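Overview (structure and organization)
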Amino acid sequence: MSEPSAARGRRRAQILVVSAIVASLALVGVYLAAGGSSYTPEKTQDPCQHRPWRDPEGLDEIAEQFSLSALDGAACKLGVSRETLVQALATPEARERFGDRYGIDEAELARAIRAGLLRAISDAEEAGALSPLLAAPLRGTIKDIPLDQAIELIQNARSLLDTAQSFLGPAEGLLETLLP
Amino acid sequence: MSAAPRPRVAALALAVGLVLADSSVVVLALPEIYRELDTSVSGVTWVLVSFNLVMALAAVPAALIARRVGPGRTAAVGLAIFAGAGLACGLSDQLSTLVLARCVQAVGGAAAVTASLELLPASVGSERRAAAIWAAAGATGAALGPAIGGLLTELVSWQSIFLIQVPIALAAAVPILAVAKHEAATGILPTELRRTGRPHLWANLALAMVSAAIAAALFLLVLLLIEGWRLSPIGAALVVTVMPLAAILGSRLGNFVPSARGRAAAGAILVSGGLAGLGFLPKAEVALTVPPQILIGLGLSLVLSALTETALSGRAPQAIHGGWTISARHAGVVIGLLALTPIFTADIAQQRHDAIDAGTAVVLDARVSPLLKIELAQRLASRLEGEKGKVPTIGPAFEPLPSDPGDREDVEVLRGELQDQLDRGATHAFSLSFLLGALLGLIALFPIALSRRVEL
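By convention here, each chain's residues receive numbers from 1 onward along its written sequence. Chains carry letters and ligands carry numbers; both start at the beginning, A for chains and 1 for ligands, and go up in the order they are written. Where local features are concerned, this predicted model is filtered to residues with pLDDT of at least 70; where side-chain atom pairs are given and counted, the filter is 80 or more; whole-chain, interface and lining totals use all residues.

Here we take up the domain arrangement of chain B. Residue and element names in this part refer to chain B. Note: domain ranges come from an automatic or database domain assignment. Taken domain by domain, chain B holds domain 1 (1–188) and domain 2 (197–456). Taking only C-alpha atoms into account, the centre of domain 1 sits 25 Å from that of domain 2. In this description, any two residues whose backbone-derived C-beta atoms lie within 7 Å of each other are considered to be in contact. Listed by partner, the interface residues are 42 residues for domain 1 and 37 residues for domain 2. Mapped by element, the contributors of at least two residues to the side of domain 1 that touches domain 2 are α1 (5–25), α2 (30–36), α3 (41–69), α5 (95–124) and α6 (127–155). The way it works is that DSSP assigns letters per residue, a run of H or I at least four long becomes a helix, a run of E at least two long becomes a strand, and they are numbered from the N terminus. Top contributing element to the side of domain 1 that touches domain 2 by residue count: α3, with 16 residues.

To continue, consider unusual backbone geometry. Peptide bonds are, in most cases, trans, and in most cases residues other than glycine have a negative phi. We note that Arg-230 of chain B has phi near 65°; this positive angle belongs to a residue other than glycine. Structurally, Arg-230 of chain B is set in the loop between α9 (201–228) and α10 (233–240).

Keep in mind that low pLDDT regions are not for reading the predicted coordinates in detail. Residue and element names in this part refer to chain B. The pLDDT score gives, residue by residue, the confidence of the prediction method on a 0 to 100 scale. Confidence in the prediction of chain B, expressed as mean pLDDT, is 83, and 90% of residues score 70 or more. No element of chain B has a lower mean pLDDT than helix α15 (residues 370–386), at 67, and none a higher one than helix α12 (residues 260–279), at 94. As scored by the predictor, the complex reaches a pTM of 0.80 and an ipTM of 0.82.

Listed per partner, the contact involves 37 residues of chain B and 34 residues of chain A. Sorting the residues of the side of chain B that touches chain A by element identifies α12, α13 (290–312), α14 (318–365), α15 and α16 (405–443) of chain B as the ones contributing at least two each. With 10 residues, the single largest contributor to the side of chain B that touches chain A is α12 of chain B. Just so you know the grouping, Ala, Val, Leu, Ile, Met, Phe, Trp, Tyr, Cys and Pro go in nonpolar, Asp, Glu, Lys and Arg go in charged, and all remaining residues, Gly too, go in polar. Residues belonging to the side of chain B that touches chain A are distributed by class as follows: 21 nonpolar, 11 polar and 5 charged.

All names here are of chain B. Secondary-structure assignment places Ala-112 in helix α5. Since 31 C-beta atoms lie within 10 Å of it, Ala-112 is described here as buried. Along the backbone, Ala-112 and Pro-71 are 41 residues apart, and their C-alpha atoms lie at a distance of 8.5 Å. Not counting residues within four places of it along the chain, the set of residues in contact with Ala-112 comprises Ala-15, Val-19, Ala-75, Gly-78, Leu-79 and Phe-82. The exposure label follows from counting other C-beta atoms within 10 Å of a residue's C-beta, where the C-beta atoms are placed from the backbone and the thresholds are 20 or more for buried and 12 or fewer for exposed, leaving partly exposed in between.

All names here are of chain B. Axes here refer to lines fitted to C-alpha atoms; in helices the fit is confined to the stretch in contact. Angles between the N-to-C directions go from 0 to 180 degrees. Where α9 contacts α16, the axes come no closer than 8 Å and their chain directions differ by 165°. Regarding the angle of α9 to α16, the classification is roughly antiparallel. For α9 against α16, the interelement crossing comes out left-handed. Of α16, the residues touching α9 (which contributes Met-209, Val-210, Ala-212, Ala-213, Ala-216, Ala-217, Leu-220, Leu-224 and Gly-228) are Ala-426, Thr-427, Phe-430, Ser-433, Phe-434, Gly-437, Leu-440, Gly-441 and Ile-443. Counted by class, the contact of α9 with α16 contains 13 nonpolar, 5 polar and no charged residues. Orientation categories follow fixed angle ranges, with anything under 35 degrees roughly parallel, anything over 145 roughly antiparallel, 65 to 115 roughly perpendicular, and all other angles oblique. Left-handed is the label given to a crossing in which the near helix is rotated counterclockwise from the far helix by less than a right angle, and right-handed is the label when the rotation is clockwise.

A few words now on the confidence of the model for chain A. Residue and element names in this part refer to chain A. Taken residue by residue, chain A gives an average pLDDT of 80. The fraction at 70 or more is 83%. Averaged pLDDT values for the elements of chain A fall to 46 in helix α9 (residues 174–178) and rise to 91 in helix α1 (residues 3–33). In the model, residues 168–180 has pLDDT below 50 throughout and makes 13 contacts with residues more than four positions away in sequence or in other chains.

Rendered as C-alpha cells:
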C-alpha cells in the first residue's frame, strides 16, 4: 500500500472506530434518559406502614378495605409482603408452599391473621367506617377463631360484618345505620 | 474431476450455509421445543449448546481428516451424517434424543464445512477467493437462519426445521460425490504442502469472545420476544431480521476500511453498544429493539469478517485454520450460552416473583368492584398456576369483559396496569445478561488490539 493510501486507510479506520463509540454511547444515553435503568416491576409497599382508607361508598367497599387492612396486619406480623400473603391464601397448596418457604406453621399463621383482623377493626374505627359499638363484639368474635375461619373472614369480610350485626340483635337495617 | 466447477461451488457454498445456519435456525424454535418437550430454559439451551460444543471440538480434527482421507469424501460423508442426524432430530420426541442427534449433526457439519474450505480453492482458483466465498456462505446461512426457522416453526412445526435439511444436505452432496469418486479412483487431491503453522491466537480468542456476545444477543433477544413479550415465532423472526439486514450494510461499510484491526475494533464496540442498549430498554416495545439490533448487525459483520480474515491470512493450510476459526466461534457461542443462561434463568425467576407481587398489588388496589375483583383474582391465580413458572399470559383471565361500561373501563385499566408490571418483569429479567454480553464484547477489544494480520 502506498504512503497516502495507507494514511487514508488509517484515517478511515479511526473514523469508523470513533463513529462506533459515538453511536453506542448515544444509544445507551438515550435509553437511560428514557428510563431504561428503572424499567422494573414496582416495589410492593411495607405492610407495617399504615395505608389510609379510601372513602367507603357501601358495605362491600368497607368489607374490601377491612380485608386489605387485615392482610397488611397479618403480613406485617409474618414479615412478608401483603401480596405474598394474598397468593399464599389463595389455595391450600399455595398455603403449604408458603409455609415451607418461610418456615411458618399453621399456628403462627393463625395468630398472624387474627392479629391482622384486629388491626383491621382498629383501622376501620380510625377511618370512621366502623362504630365502636360494633368493634367490641367483632374483636370478641375473632379472638379465638380457627385458621380456616380466619382466612375465610379475610376473604369475605362482609360475612364478619354481618356476624357483628347478629350480636346486636335482629333489628333490620341496624348495621347499615351504624356504618357510614 | 468430473463435476463442473460452478455446480460444485454452489453445492459447497450451500453445504457451508446450511451447516452454519443450523446453530441460528433453531433459535426461534427453542420456545416451541421448550413447551412441547416440557423442559426448562436450561434444558432447551442444550439443543443449541450441544451442536456448538461438538462443532467447536470437531472442526480441527475434521479438517485434519479431510486432508488425510480427501476433502471430497469427507464433505460427502459429512453431509450424509448431517442429513441422517437431521432426520433423527426431526423425529425426536424427547430432549435427550434431540440433543444426541444434534451432537451427531454437528460432527457431520464440522466435516462438511472444513472439507469445503479445502475443496473450494481448486474450484475457484485462489485461496483468498475461496475463503471469501466460504465466509460469505457461512454469514448468509447464519443471517437467514432465524427467519427461516421462525417461518417453519409457525407454519409447520419445529420438527420441520430439521426435516427440511435432509433433502437440502443430500442435494448439496451430489456434486461433491463426483470429487469423492475421483479421490477414490486416483487418490487424494494434491493439497497445500506448506507446514501447518500455529493458529492465530489473538484473532481466534477475540472471535470466541465476540461470538459469545453475539450468541447472547440472538438467543436472549428471541427468548425475550417470544417468552417475555409473547410474540409469535413468525413475528419474532421478522423482528430479528433487522440484525442480518444491518449485517449486509455492515459488510459493504467494511469494504471502505482496509484495516482489519480497525474494522474488528469498531465491530466489537458496536456489538457491545447494541447489547448495552438491549440491557437498558426503557419499555417493552418491539420498535425499541431495532436501534440496538442495527448496531449489533453492523458490528457483527465488521468484526467477524475482519477477525476471520486476520486468522486465515498468511496461514496454511486454510482448512485447518478455517477449522480453528469455526472452533473458536462455536466455543464462544457455548461459553456465552453456558455463562449467561444460569444468570438469566435466576433473574427471570426473581423477576417473575416481583412482577406477580406487583401485579397482585395492582389488583388489590384497583378501583373495580370488590366482587368482580375477587372473581378476577381467582381467574388470574388459576392462570398463574397453569403457567408453571413461565411468564404468564393474563389476557384470557379478563375475558369476557363486564357488560357494564363503567366496570368494563375499570377492568381494562387494571388489565393494562397488570400487563405493564409483567412486561417490566420480563424485560428486566434479561437486562443483566445483555449487559454481561456487552462486557464480553468490550473485553474482546484486548485480543483485537494484540492481533496483527500477516500478508501472504
